[in-house]
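Residue-level structural notes
For reference, the chains in residue letters:
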Amino acid sequence: MATAADVRSILSIPSTSIAGPSQPRKPSVSVNRKPEGISRELYSLIGPSAPALAAQLAKPRLKQKPNLGGGGKVKWEWRKFRNSARSDSLELSHWVKASQDADAEYKFAKYDKKPTVYQWSQDEYSRHLEDSDWTKEETEYLFKIANEYDLRWYIIHDRYEYPNGRERELEDLKDRYYSVCRKLIRNRTWAGDEASRNALLLSFHYDKERETIRRKYVASLANRTPDQIQEEEALYVELKRLEQNERQFKKDRENLLRTLAGIDSGLPDIVEDDASLIINDPKKKRFKGDIDVPQTPILTAPVMKRPPAVNKNAVYDATHCIIRNDPPSNAPATKVAHTPAFMRSFKIPYPKAAIAPKVNSLLTELGVSGSRLVMPTQANCQHLESVMDAAMNLVELKKVLDKVNQDIEVLKARLELKDDMRDSASVADGMEEAESENRRSRSVTSGRGRKSVECILDLLLCYPNYFLRVVVQCLSLLLIPLSPLPQGGQESGKNARSLSYTGIIRCCMQLLLEVTIFDVELATCSAEKVLRFGLHWLYS
Amino acid sequence: MVNYGGDEVSALVIDIGSSSLRAGYAGDDTPKAIIPTSYGYISPPASSGEGDVTMGEEGVQEYTGKAKSFFGHSGPSVWRKNMEIGNPIVDGLNFAPIPALIRHALDDVMRCSAAEHPVLVTEPSWNTPANRERMAEIMFEEFQVPAFYIANTSVLNTFAAGKGSALVIDIGQSMTSVVPVVDGPSPARQSIDLYPYQLISSKQAVESNAPPRFTLREDRVAGTTQTWREWLVQHRQPKQYEFPTGYNTWFGPERYGVGENFFHHSPQLVAGNANVPKHIPGLITDSLRACDPELRQVLISNVVLTGGGSLFSGLGDRLAAELARSFPHFKIHAPGNPVERRYGGWLGGSILASLGTFHQLWISREEWQEHGKNIVGQRCK
């Protein structure tokens, strides 16, 4: 009988479209099994094409259960055992696992350790071990009892009762025992290397004298009276206190150093350089006194620590002679720009290294100690600073003067040479022309020179007398009628002349400028004048 | 078990004290059988012709196997006609009733045979070699034990406290001892003294018809002033105690007054009794003086307080206060558990006999037969 499925297969109609009642649908799961760890609903949605996903969704594995030895059943036996540490045949019983080897060594037998027993022959004793204090028999007794009590010396000493023997101290027993062992080791042939032998010898080392002294100390320590103990304790407490003071002092000193040195120790109110720009902004405003600027909480803490430079306690400052140095408002609030606390006297300028000795000698001549002020008040400091400046300038000036003097000498020498040449050779026509030209220009020069001389003379009246010579020399230099340099004809001659004049003017100006530093007002006006004069002269 | 070096061979541990005999398996934490050491016996009528045998030493000497004797909890504490009470430990060691006592503890209470188990017996530090040999003989010959060992109570107490060296203060019913123990099972014997105390037993109401001992206590605390006593009563909670006679009263400072005798003797007591034993601080000082000066500090930092007598309220504190007076640094080890205090010696024996490394120390039957009594002294040192 043909079913609907048969008909379909004959007509090649896909069977899935309508399920025949006689052909129950085969579960597709049997073909493509749902992988582990993925829910049925999800699998029906995504189908079998998600193996990777399924692998990820694998069921979480719980911690592995402990494996309690096979099937969980262990057979124990009440079994007799022999202890190899015993010399007799005593058999005790204990519980063991049935799986355990019956002939195995008793596991506690290995703890039966005995120290090496040293024995000696009569010959050995008579050769090495003779001692006036000990008989052979007593030595043997000592070794026997020492081994019997496993070298527990307090007990050996307690039990030591050699018939008709002397009263022995613990040190005597130990000393005898160890010395005998040492001698035996030293004198017997040694199988191993030298190092192990020495190590063994060292382990038998015993210093009786030292032990006796130590014991005495221990006894005296134990026999202290309560008063002594109390005194000792008091001393100890005192010592501790002193140590603590010392520590406190050190800490204070360090704090002070930190305040002075500042940067190295890292003050809390200094923001690191690598802090972002945002940090700088409110900080700058803060220095200008704008307190209302909102700040981020990170910044608040360091900034608030800086003491605000408020003017409201000006009265207080005045009464207590406090002079505040406001920090430069444009300085960035970084580590580098930070100026730590300093002493006013530290800020007095030092002379340059090159001129320092001269300046110092000058100051000593004047009776001023440049290195240290006895009372470095602000006024004193300022005063010293100005004196130091003046001295430095003076020295500089002196140097320049020397240089100029030398220049003058050189030029003078050259001029004389020139005159000689002119006297000897004034024949050529070209030279005549040059001569007239030269004369004309010289007259001009002298005219201008005189004008400038007057100007400078005006200034001179105001100068301290020891500069007088300098300036006069300069003037004399200016007043000297200069002839053009003979080489290279007209053009080059003029050029050379102007150059040489320029040099002189510059010297003069420098002189004046440096001289005038002593009086600011004068300096400004005179410098201006000289400058103007010089420029005019040069470029006219 | 193996981790702790233990290997149990089901050994028996027997600790005989003056108030009770403790027996149990090694490895346990409490003894299985705790029976009073005192026993009752009724002498056969033949010997009663001498008249009423007085209790105590004379009666004990008269004890023979023939006398009808009663052991255990239903032994001396039950009233029987003409029953006398004896104690083998107090008033001189008497070995005659000891086998019967042990047999009662093992056979009747624990229901085991000593012939199947190695036995460890404790001994006080002042035991004589003869006594320990006698004990070994009893165990080997009468109980047929396969192996035997005898260990010092003080040493065992040290073990129970988990120490190697200690100064053991053992306050028992009739004895108080201070024993230094150095490096395990070898106490310094020369410093051991025997100091019996009768005052604790007097506190017990063992027999009916015993008059209240209240008056006795009165003279003990005679050295104290009335104001002090009143102050103490105010500060300490008094406790009511009812005697078997029905007489009952409140005890305040008296409860502490008894323990006070361990630390202080009133002048009256010293005057009345020429050889009054020393008090505990004196004992400690003496025994320490007998020791090497190097060991003193070790010992005083390891004071082990044990024994049922140490359970007097406040005794540990009092001892600490006394020690603080003469030693700058000390440490008292007193187990808080009363069982550990009362059976400290037994506990140490239990620990020792269950150690794997200990099993080589047993005196075996074979050795006993071969070497005889001398083996006891050689092995158990």
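Residues numbered from 1 in each chain as written. Chains lettered and ligands numbered in written order. Predicted model: local features only at pLDDT ≥ 70, side-chain atom pairs only at ≥ 80, totals over all residues. Heavy atoms only, no water.

Of the regular secondary structure elements, chain A holds 19 helices and two strands. Taken over 540 residues, chain A has a buried fraction of 26%. For chain A, contacts bridging at least 24 residues in sequence account for 54% of all contacts bridging at least 6. Put simply, chain A shows about 39100 Å² of open surface, and 57% of that area lies on carbon and sulfur atoms. (Helix = DSSP H or I, 4+ residues; strand = E, 2+ residues; numbered from the N terminus. Buried < 20%, exposed > 50% of the residue type's maximum accessible area, 1.4 Å probe, protein only. Contact = heavy atoms within 4.5 Å. Areas by Shrake-Rupley, 256 points an atom, 1.4 Å probe, with all protein chains shown as cover.)

Formed by 59 residues in total, the largest nonpolar core has its most connected members in Ile-14, Leu-21, Ile-102, Leu-120, Met-139, Phe-148 and Trp-362 of chain B. Per-element tally for this core: the top contributor is helix α2 (residues 98-110) of chain B, with six residues. The residues contacting Leu-21 of chain B, other than those within four sequence positions of it, are Ile-14, Asp-15, Ile-16, Ala-33, Ile-34, Ile-35, Pro-36, Thr-37, Leu-101, Ile-102 and Ala-105 of chain B. Core analysis: the next-biggest nonpolar cluster, separate from the first, contains 26 residues, Leu-142, Phe-143, Ala-146 and Ile-155 of chain A among them. (Core = buried A, V, L, I, M, F, W, Y, C linked by side-chain atoms within 4.5 Å.)

With that out of the way, let us pick up the packing of helix α4 (residues 122-129) of chain A against helix α7 (residues 170-187) of chain A. Residues and elements named next belong to chain A. Close contact between α4 and α7 brings their axes to 11 Å; oriented N to C, the two are set at 105°. Taken together, the axes of α4 and α7 are roughly perpendicular relative to one another. Touching Glu-124, Tyr-125, His-128 and Leu-129 of α4 are Arg-176, Val-180, Lys-183, Leu-184 and Asn-187, all from α7. Across the contact of α4 with α7, the residue classes break down as four nonpolar, two polar and three charged. (Axes fitted to C-alpha atoms, helices over the stretch in contact; angles between N-to-C directions. Parallel < 35°, antiparallel > 145°, perpendicular 65-115°, else oblique. Nonpolar A, V, L, I, M, F, W, Y, C, P; charged D, E, K, R; others polar.)

All names here are of chain B. A sheet is described by the order of its strands in space; here three strands give the open sequence β5-β4-β6, paired in antiparallel fashion. In the strand order of this sheet, the two ends are held by β5 (68-70) and β6 (84-86), each with one partner. On average, each strand axis in the sheet is tilted by 35° relative to the strand beside it, whichever way the strands run. The sheet contact formed by strand β4 (residues 39-42) and β6 spans three bridges and is antiparallel. Directly across from Tyr-39, in β6, lies its bridge partner Gly-86. (Pairing = 2+ DSSP bridges.)

Residues and elements named next belong to chain B. Counting buried positions along helix α4 (residues 153-160) yields six of eight residues, so the element is predominantly enclosed. When α4 is considered as a whole, its buried residues turn out to be Thr-153, Ser-154, Val-155, Leu-156, Asn-157 and Thr-158. Put simply, Asn-152 is the residue that caps the front of α4, since its side-chain oxygen is 2.9 Å from the backbone nitrogen of Ser-154. (Polar contact = N/O pair within 3.5 Å; in protein donor to acceptor, adjacent residues only side chain to side chain.)

The next subject is unusual backbone geometry. For residues other than glycine, phi is negative in most cases, and the peptide bonds are mostly trans. Located in the positive-phi region is Leu-151 of chain A, a residue other than glycine, with phi close to 60°. Positionally, Leu-151 of chain A belongs in the loop between α5 (136-148) and α6 (153-159). For Leu-151 of chain A, a relative accessible area of 27% gives the class partly exposed. Even without a glycine there, the phi angle at Arg-111 of chain B is positive, about 55°. Relative accessible area serves as the criterion here: at 67%, Arg-111 of chain B is assigned to the exposed category.

A separate point is the interface of chain B and chain A. Counting residues at the interface gives 35 residues for chain B, matched by 30 residues for chain A. Counting the surface lost from both chain B and chain A, the interface buries some 2700 Å², and carbon and sulfur atoms represent 53% of this. Area buried by chain B at its contact with chain A is led by Glu-294, Gln-360 and Lys-381 of chain B, which between them contribute 23% of it. As a salt-bridge pair, Glu-294 of chain B and Arg-214 of chain A come within 2.5 Å of each other at their nearest N and O atoms. Taken together, chain B and chain A are joined by twelve residue pairs in polar contact (both at pLDDT 80 or more). (Buried area = accessible area lost by both parts, 1.4 Å probe. Salt bridge = Lys/Arg side-chain N within 4 Å of Asp/Glu carboxyl O.)

Another point: a nonpolar patch on the surface. A surface patch of nonpolar side chains, amounting to about 390 Å² of accessible area, comprises Val-7, Ile-10, Leu-11 and Ile-13 of chain A. Note on placement: Val-7 of chain A falls in helix α1 (residues 4-11). (Patch = residues over 30% accessible without salt bridge, like charges linked within 9 Å, V, L, I, M, F, W, Y side chains within 5 Å.)

Time to look at the packing of α2 of chain B against helix α3 (residues 129-142) of chain B. Residue and element names in this part refer to chain B. Orientation of α2 relative to α3, taken along the N-to-C sense of each, is 55°, at an axis distance of 11 Å. Relative to α3, the element α2 is oriented oblique. By crossing handedness, the relation of α2 to α3 is classed as right-handed. Contact residues: α2 offers Ile-98, Pro-99, Ile-102 and Arg-103, while α3 offers Met-135, Ile-138, Met-139 and Glu-142. Its residues assigned to classes, the contact of α2 with α3 shows six nonpolar, no polar and two charged. (Left-handed = near helix turned anticlockwise from the far one by under 90°.)

Before going further, it helps to examine the packing of aromatic side chains. Within this structure, the stated rule accounts for 21 aromatic pairs over all chains. Relative to Phe-204 of chain A, the ring of Tyr-118 of chain A has its centre 5.8 Å away and its plane inclined at 80°; by these criteria the two rings are edge-to-face. Within this pair, whereas Tyr-118 of chain A is found in the loop between β2 (91-97) and α4, its partner Phe-204 of chain A is found in the loop between α8 (194-203) and α9 (208-222), the two being separated by 86 residues in sequence. The same class applies to Tyr-118 of chain A as to Phe-204 of chain A, namely buried. Through a chain of ring-to-ring contacts, three or more aromatic side chains come together here, namely Tyr-118, Trp-120, Tyr-125, Phe-143, Trp-153, Tyr-177, Tyr-178, Phe-204 and Tyr-206 of chain A. Over the ring of Phe-143 of chain B we find Arg-103 of chain B; its NZ or CZ atom is 4.5 Å from the centre of that ring. (Phe/Tyr/Trp six-rings, centres within 6.5 Å; stacked < 30°, edge-to-face > 60°. Lys NZ or Arg CZ within 6 Å of the ring centre and 35° of its normal.)

Attention now goes to the confidence of the model for chain A. Residues and elements named next belong to chain A. On average, residues of chain A carry a pLDDT of 70, and 56% of them reach 70 or more. Looking across chain A, the model is least confident in helix α12 (residues 297-305), with a mean pLDDT of 42, and most confident in helix α10 (residues 226-261), with 89. Below pLDDT 50 for its whole length, residues 265-309 participates in 44 contacts with residues either more than four positions away or in separate chains. Here residues 517-524 is modelled with pLDDT under 50, and outside its nearest four sequence neighbours on either side it reaches 13 contacts, counting other chains as well. (pLDDT = per-residue confidence, 0-100.)

With that settled, the discussion passes to the UniProt feature "coiled-coil region" (unreviewed entry) in chain A. Taking the UniProt record as the reference, the feature "coiled-coil region" (unreviewed entry) is found at residues 232-259 and 394-421 of chain A. A distance of 40 Å separates the end C-alpha atoms of residues 394-421 of chain A, which is 100% helix and 0% strand. (UniProt positions renumbered as here; feature names shortened; annotations may be inferred.)

Strand-to-strand pairing in sheets goes through backbone hydrogen bonds, with the strands running parallel or antiparallel. Residues and elements named next belong to chain B. Read across the open sheet, the six strands follow the order β3-β2-β1-β7-β8-β15; overall the sheet is mixed. Edge positions in the sheet fall to β3 (33-36) and β15 (363-364), since each has one partner strand and no second. When strand β7 (residues 119-123) meets strand β8 (residues 147-152), the two strands line up parallel, connected through five bridges. When the sheet's bridge partners are listed, Glu-123 is paired in β8 with Asn-152.

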